[in-house]
Amino acid sequence: MLKTRVIPVLLWKDVTLIKGIGFDSWRRIGTLMPAIKVFNARCVDELILLNITATNDGLPPDYEIISELSPECFVPLTVGGGIREVEHIRRLLLAGADKVAINTAAVECPEIIREGAERFGSQCIVVSIDARRAHMEPDETVSSSRLTDVSLTGPIVPPPLNTDRQSFRAQPSGKGVYECYTHSGTRPTGLSPVDLAVQAESYGAGEILVTSIERDGTMTGYDLDLIKSITEAVKIPVIAGGGAGSYEHLYQAIVTGGASAVAAGAMYQFTEQTPLAAKDYLSQRGIPVRRSNLKPIHT
Amino acid sequence: MNVLVIDYGMGNLGSVRRAIEECGAAVQISGNPDDLNSATHVILPGVGSFADGSARLRERGWRDALHRAIDRGLPLLGICLGMQLLADIGEEGGENPGLGLIPGEVRRLVPDHPDVRIPHVGWNDVHYVSSIASEKLFMGIPDGTDFYFVHSFAFRPSDPAAHLLATTPYCGGFASVVGRGAVFGTQFHPEKSQPVGFQLLRNFLSQ
């Protein structure tokens, strides 16, 4: 039976204070590497590494850092941040990524999904959707042709950046109305996460990582309505992200949200909770998880 | 021992290299089929589409060189796309010829239940169906152990009685390990399957 994956997420930020000091990339490895070594030694199911400033800084993915990290990492690795071109995907895979996560480019130039899937296979293209509950009720939505222009076969035309909030018409989903954001959650798109997920699937994406922006880092639980809306809309695996703070939250994302995998950052970094204990808990509650009973890897 | 990892421009060679080094063997990553002459084992890795991989192997002269090397008895392990390329034909990206080293074809996985999602991503159990599996590749690895998969297509051996070594229960069950003589293919990624994956690689290298 296919196991539900428990996935730590490491957000990797090019901190301003460090940038500008010589050998800044080495400093960044210095912080990422210990975390990766720990998760590697504990044989986690997968790891997701997201550079959350590359796109905003107009930078390509940092292949060198991935090349430095990947030899220490025998865990399946998904890498995101700054991917805009198929060449970026190719170089990340060569540097040691097993999969790539695409967020901003999935909205601005979705052809990258199709080209990436054709060239490298759907299985390595993860579309990462960051969504926020919009501050309006479904009945307040104003009809607009913008979203209906989104077809399953044509490219998404990104809305103008000065989005007129009154004309925003994200699709109602669950109890709320959600809107996708790009550029690390800073830029609204006028797109609903369900529309974006369905489109990404039709372009050949292999997985969707869906993250609730307002829950992320709060450890108050996943946005289950958001996750469920995506798992019901697509037939590819969905990774739940944003908000996990307890093992019970992981369970809810799987059982209520329908997620194939549960991603979490803060709960593993700021609490005593571990991916291994998470799997013990899930297993006791009847969720199939991988139990590694062999000795850990020494590197 | 000199393990040659074929570099045909597809996928993550670094993790395969590191995993083999962890197993204590010397690794040579090569794009030159002539290097097969000095190899004791060969690994065909790969992430990508069948069409692309098939074309690259042909263009770079690997097909004939591999057939000659295997006739000499050189052990070969194909991983993921590398396993699929051992087949006669694949349908990903149009019908394309594979290496023809193990009779069979590569077809898209078809869900057998509404809840089944494709691609098949994650850890799933591998069950031997042949004593060849337990005697050659799975020594020290219990039946039903989880390995890491990430794929949408699977190998269908033409002669399962002869060449199907292990199966995995997804989409009604698919071939997760095939073998013919000293040629083996795993649909999962041993280099990403942590201790059990390394054990499998060590078993292969002891051939």
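Shown above is the structure to which this text applies.
Residues numbered from 1 in each chain as written. Chains lettered and ligands numbered in written order. Predicted model: local features only at pLDDT ≥ 70, side-chain atom pairs only at ≥ 80, totals over all residues. Heavy atoms only, no water.

(A) Geometry of the interface of chain B and chain A. Opposite the 37 residues of chain B that make contact, chain A presents 44 residues. Counting across the interface, chain B meets chain A through 4 salt bridges. A salt bridge links A:Lys3 to B:Asp125; the nearest nitrogen and oxygen atoms lie 2.9 Å apart. For the pair chain B and chain A, the interface holds 20 residue pairs in polar contact (both at pLDDT 80 or more). Of all the elements in the fold, those that place two or more residues in the side of chain B that touches chain A are α1 (13-22), α2 (50-59), β8 (120-128), β9 (145-151) and α7 (194-205) of chain B. In terms of residue count, β8(B) provides more of the side of chain B that touches chain A than any other element does, 6 residues in total. Per-class residue counts for the side of chain B that touches chain A are 16 nonpolar, 10 polar and 11 charged. (Contact = heavy atoms within 4.5 Å. Salt bridge = Lys/Arg side-chain N within 4 Å of Asp/Glu carboxyl O. Polar contact = N/O pair within 3.5 Å; in protein donor to acceptor, adjacent residues only side chain to side chain. Helix = DSSP H or I, 4+ residues; strand = E, 2+ residues; numbered from the N terminus. Nonpolar A, V, L, I, M, F, W, Y, C, P; charged D, E, K, R; others polar.)

(B) Looking closely at the pairing of strand β1 (residues 5-12) of chain A. Residues and elements named next belong to chain A. By the criterion of burial, β1 is predominantly enclosed, with 7 of the 8 residues buried. Taken together, the 4 bridges between β1 and strand β11 (residues 261-264) define a ladder with parallel strand orientation. Bridge pairing in β11 places valine 6 opposite valine 262. Pairing analysis gives 4 bridges linking β1 to strand β2 (residues 47-51), with the strands arranged parallel. For tryptophan 12, the partnering residue across the bridge sits in β2 and is asparagine 51. (Buried < 20%, exposed > 50% of the residue type's maximum accessible area, 1.4 Å probe, protein only. Pairing = 2+ DSSP bridges.)

(C) Examining the packing of aromatic side chains more closely. The tally for this structure, following the rule as stated, stands at 9 aromatic pairs over all chains. One aromatic cluster is present, built from ring pairs that chain together B:Tyr128, B:Phe138, B:Phe147, B:Phe149, B:Phe174 and B:Phe188. Here A:Arg290 stacks its cationic end above the ring of B:Trp123, 3.4 Å away from the centre of that ring. (Phe/Tyr/Trp six-rings, centres within 6.5 Å; stacked < 30°, edge-to-face > 60°. Lys NZ or Arg CZ within 6 Å of the ring centre and 35° of its normal.)

Coordinates in, geometry out; function isn't part of it.
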